[in-house]
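Letter by letter, the chains look like this.
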Amino acid sequence: MTLQGEPVILNIGPQHPSTHGVFRLRVLFDGEVVQDVEPVFGYLHRGTEKLAEERAYTQVITLTDRLDYVSSMTNNQAYVLAVEKLAGIQPAERGMYLRVIAAELSRIASHLVATGFFLQDLGAFATPLMYCFRERERILDLMEMLCGARITFSYMRPGGVFQDAPEDFWPALRQFLAEMPHYLDELEQLLTENEVILARTKGVGVLPAEVAINCSVSGPVLRASGVRWDIRKVDPYDVYDRLEFDIPIGTNGDCYDRMMVRLYEMRQSLRIIEQAVRQIPPGPARAKVPFFLRPPPGDAYAHVESPKGELGFYLVSDGGIAPYRCKIRSPSFINLTPLRELLRGWKLADLIVIFGSIDINMGEVDR
Amino acid sequence: MTKPLLASEVAKRVEEGVPGAVEQAQGDHLWVRPERIREVCRFLQSAPGLEFNYLVSITGVDYIEYFEVVYHLVSLRYNHSLVLKTRVYGREEPTLPSVVPVWQGADYQEREVYDLMGVRFEGHPNLKRILTWEGFPGHPLRKDHLGA
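Let us look at the structure shown here.

Each value, and the rule that gives it
For every chain, the first residue of the written sequence is number 1, and numbering continues from 1 along that sequence. Following the order in which they are written, the chains are lettered starting with A and the ligands numbered starting with 1. Reporting in this predicted model follows two pLDDT cut-offs: at least 70 for local features of residues, and 80 or more for side-chain atom pairs to be given and counted; totals over whole chains, interfaces and linings ignore these cut-offs and use all residues. Each helix is a run of H or I in the DSSP string that is no shorter than four residues. Each strand is a run of E no shorter than two, and both are numbered from the N terminus. Based on C-alpha atoms, the radius of gyration is set beside the globule rule, defined as 2.2 Å times the residue count to the power 0.38. Labels follow a simple rule on C-beta atoms placed from the backbone: if 20 or more others lie within 10 Å of a residue's own, it is buried; if 12 or fewer, it is exposed; otherwise it is partly exposed. We call two residues in contact when the distance between their C-beta atoms, placed using the backbone, is within 7 Å. Strands pair, by our definition, only if DSSP identifies at least two bridges between them. Geometry is summarised by axes, namely lines fitted to C-alpha atoms with helices restricted to the contacting stretch, and by angles between N-to-C directions that run from 0 to 180 degrees. Classification used: nonpolar for Ala, Val, Leu, Ile, Met, Phe, Trp, Tyr, Cys and Pro, charged for Asp, Glu, Lys and Arg, polar for all others including Gly. To estimate how far a helix should reach, multiply one less than its number of residues by 1.5 Å. The term bend refers to the angle at a residue between two fitted axes, each drawn through seven residues, those ending there and those starting there. Angles are sorted into four bins: roughly parallel if under 35 degrees, roughly antiparallel if over 145, roughly perpendicular if 65 to 115, and oblique for all others. Crossings are sorted by hand: turned counterclockwise from the far helix by less than a right angle, the near helix makes the crossing left-handed, and turned clockwise it makes it right-handed.

Helix and strand counts for chain A come out as 15 helices and eight strands. In terms of overall size, chain A behaves like a compact globule, its C-alpha atoms giving a radius of gyration of 21 Å where 367 residues would be expected to give roughly 21 Å. Put simply, chain A has 367 residues, and 53% of those count as buried. Considering only contacts within chain A whose residues lie at least 6 apart along the sequence, 72% involve residues at least 24 apart.

Right under this line is the structure:
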């Protein structure tokens, strides 16, 4: 006897714990198998681009904090780079190094959150997540020393950063650099030697390189598919051209590769910070830049490699004190483009895992 | 370093492939006629030596007299970039062809431009509002939008 059933539409989110915020998926299921998906966005849309049109260039920095709130530093960096390009500002040397250090610390924090929640999605409830959060906490402490905030930093300014790092920041950072590799070894062991994790991630949610490129996917998701493309290398900004680091890539483009690329990137970030600490010159942390900028009419696009992918700001100036148009090219939003191809044919439990492996942040998706 | 290609050089190539499409070239910015945008994009994607296989972003800008739609393109093979622009006139229903058949990455981005800027993309498989809800009054990123 065979059972006949009708396809059923199921809503996942916007209040589902595995959707990492307020993301909603309308999924057409045939039994347990995904037939079609339709993502529904906008639950966290705050109109950041419109708000930016009514604020002075420096004031917009606080809005960028609220995009990808797990790595606000890279958002700050992308925005100030765009303003510098638009207004022709040469930032201070020391400021650029501080930006790189802050951005790489942010990358580690964001990848820790991504890995922790990914393990949570796999069913490893709370324990691995808390391990990851324990280390992230130390990064937040370092950030607090830099700028007094733990989530919404607003640390960077056109021309550098708003204040130099305090004296006690450097020993704390050195201690963190000394202890972090050991912790990453532990995490790697947990990820690569656990049979349940391997069985549920290897070969699951494969994204071929051609599809990834055609869908404008960026960041660890693109690199896991075997494409060596990292903005820090192909179009260096700040001082990345003076620092040595490798770009880890995957071979299969499955969930496992995406997870491992993030893990190896954390090691490379530590390498970058170590070199930056050695090279950082004395001097002012910020070039002399007026608070009210009036860039000449024109447009500029600047991008950074944020933990999620290519984060870009396209600014248009009409000569006034506020941007005429401020477009945010957010990696989380665009990385969701191949979602249908990724999910079709997988089961509900795999859907959660595949979705988790893309690592999105709703603050950035909806803006 | 990603090398911005000289638009006047690219314009010559585009003129060979899609005659009469180019309007203006300046720096690394290339303006083309809106109704030819899909042909131009298809040409840029496949032309040897150009191969812009990666669409970075699509932006709509409201200049009051016209809307400018900006395409940032990159070639992952040659690591060079181009800014492709097109001007669409009319405030009622500005329309231009969709580039989703060329790059699937345009899907959500065109929906976003439609939602926030009110530029329609002909040939888009699913042109619906994306960040605001169905029935939202107007298009919020337009300069004359006053809010509900």
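Now that the structure has been shown, the text picks up again.
A separate point is unusual backbone geometry. The backbone of Arg367 of chain A shows a phi angle near 55 degrees, a positive value even though the residue is not glycine. On the secondary structure map, Arg367 of chain A appears in the segment after helix H15 (362-366). In this model, Ile64 of chain B sits at a positive phi of 70 degrees, which is unusual for a non-glycine residue.

Quick look at the sheet that holds strand S8 (residues 325-329) of chain A now. All names here are of chain A. Overall, antiparallel pairing links the three strands, which are arranged S6-S7-S8 in an open sheet. Edge positions in the open sheet fall to strand S6 (298-306) and S8, since each of these has one partner strand only. Neighbour-to-neighbour, the strand axes of the sheet open up by a mean angle of 15 degrees, direction not taken into account. Across five bridges, the pairing between strand S7 (residues 309-317) and S8 is antiparallel. Its bridge partner lying in S8, Gly312 is registered against Arg329. Docked against the sheet, helix H3 (residues 72-87) engages S6 and S7, running at close to 150 degrees with respect to S6.

Take the interface of chain B and chain A next. Counting residues at the interface gives 25 residues for chain B, matched by 27 residues for chain A. Elements represented by at least two residues in the side of chain B that touches chain A include exactly strand S4 (54-62), strand S5 (66-75) and helix H3 (106-117) of chain B. Counting residues per element, the side of chain B that touches chain A draws most heavily on S4 of chain B, which supplies six residues. Here the side of chain B that touches chain A is composed, by residue class, of 14 nonpolar, ten polar and one charged.

Let us now look at helix H5 (residues 127-147) of chain A. Residues and elements named next belong to chain A. In a regular helix each residue adds 1.5 Å, so 21 residues correspond to 30 Å; H5 covers 30 Å between its end C-alpha atoms and thus fits that length. Taken together, the buried positions of H5 are occupied by Pro128, Cys132, Glu135, Ile139, Met143, Leu146 and Cys147. Positive backbone phi, at 85 degrees, marks Gly148, one or two positions downstream of H5.

Let us now look at the pairing of S7 of chain A. All names here are of chain A. When you tally the buried positions in S7, you get nine out of nine residues, the bulk of the element. When S6 meets S7, the two strands line up antiparallel, connected through nine bridges. Bridge pairing in S7 places Ser306 opposite Gly309. Hairpin connection between S6 and S7: a loop of two residues separates the two successive antiparallel strands.

Bringing helix H6 (residues 169-192) of chain A into the picture now. Residues lying three or four places apart along an α-helix face the same way, a consequence of the helix completing one turn every 3.6 residues. Residue and element names in this part refer to chain A. End to end, H6 covers 34 Å across 24 residues, agreeing with the expected 34 Å (1.5 Å per residue, within 8%). If you look at H6, its biggest bend is around 30 degrees, right at Met180, and the proline Pro181 turns up within four residues after that. Considered for burial, the residues of H6 that qualify are Leu173, Leu187 and Leu191. Buried residues in H6 make contact with helix H4 (93-121), H5, helix H7 (195-201) and helix H11 (255-279).

Let us now look at the environment of Leu184 of chain A. Looking at the element boundaries, Leu184 of chain A is found in helix H6. Discounting residues that sit within four places of it in the chain, Leu184 of chain A has contacts with Leu263, Met266 and Arg267 of chain A.

Moving on: the packing of H5 of chain A against H6 of chain A. Residues and elements named next belong to chain A. Look at H5 against H6: their axes get within 11 Å of each other, and the N-to-C directions meet at 165 degrees. With respect to H6, the axis of H5 lies roughly antiparallel. For H5 against H6, the interelement crossing comes out left-handed. For the pair formed by H5 and H6, the contact residues are Pro128, Glu135, Arg138, Leu142, Met145 and Leu146 on the first element and Phe169, Ala172, Leu173, Phe176, Tyr183 and Leu190 on the second.

On to the sheet that holds strand S1 (residues 8-12) of chain A, then. Residue and element names in this part refer to chain A. As summarised here, the arrangement of the three strands in space is S1-S2-S3, forming an open sheet in which the pairing is antiparallel. The open sheet has two edge strands with one neighbour each: S1 and strand S3 (33-40). Taken over all neighbouring pairs, the strand axes of this sheet differ in orientation by 25 degrees on average, direction set aside. Bridge analysis of S1 against strand S2 (residues 24-30) gives five bridges, and the strand direction is antiparallel. Bridge pairing links Val8 to Phe29 in S2.

Next up on the list: the packing of H3 of chain A against H4 of chain A. Residues and elements named next belong to chain A. One way to put it is that H3 packs onto H4 with a least axis distance of 7 Å and a crossing angle of 140 degrees. Taken together, H3 and H4 sit at an angle that is classed as oblique. The crossing of H3 and H4 is left-handed. Contacts from Met73, Thr74 and Gln77 in H3 reach Arg99, Ala102, Ala103 and Ser106 in H4. Tallied by class, the residues present in the contact of H3 with H4 amount to three nonpolar, three polar and one charged.

All names here are of chain A. With respect to the element layout, Leu270 can be found in helix H11. Sequence-wise, Leu270 and Arg294 are 24 residues apart; in three dimensions their C-alpha atoms are separated by 37 Å. Those residues in contact with Leu270, other than ones at most four positions away along the chain, are Leu177, Met180 and Pro181.

All names here are of chain B. Residues Leu30 and Val32 of strand S3 (residues 29-32) are buried on one face, while the alternating residues His29 and Trp31, pointing to the opposite face, are not. Sheet topology places strand S2 (residues 22-26) next to S3; four bridges connect them, and they run antiparallel. Of the residues in S3, the one forming a bridge with Val22 is Val32. Hairpin connection between S2 and S3: a loop of two residues separates the two successive antiparallel strands, and Gly27 in this loop has a positive phi of roughly 60 degrees. Of the strand pairs in this sheet, S3 and strand S6 (residues 80-89) are connected by four bridges, and their pairing is parallel. What sits directly across from Leu30, in S6, is Leu84.

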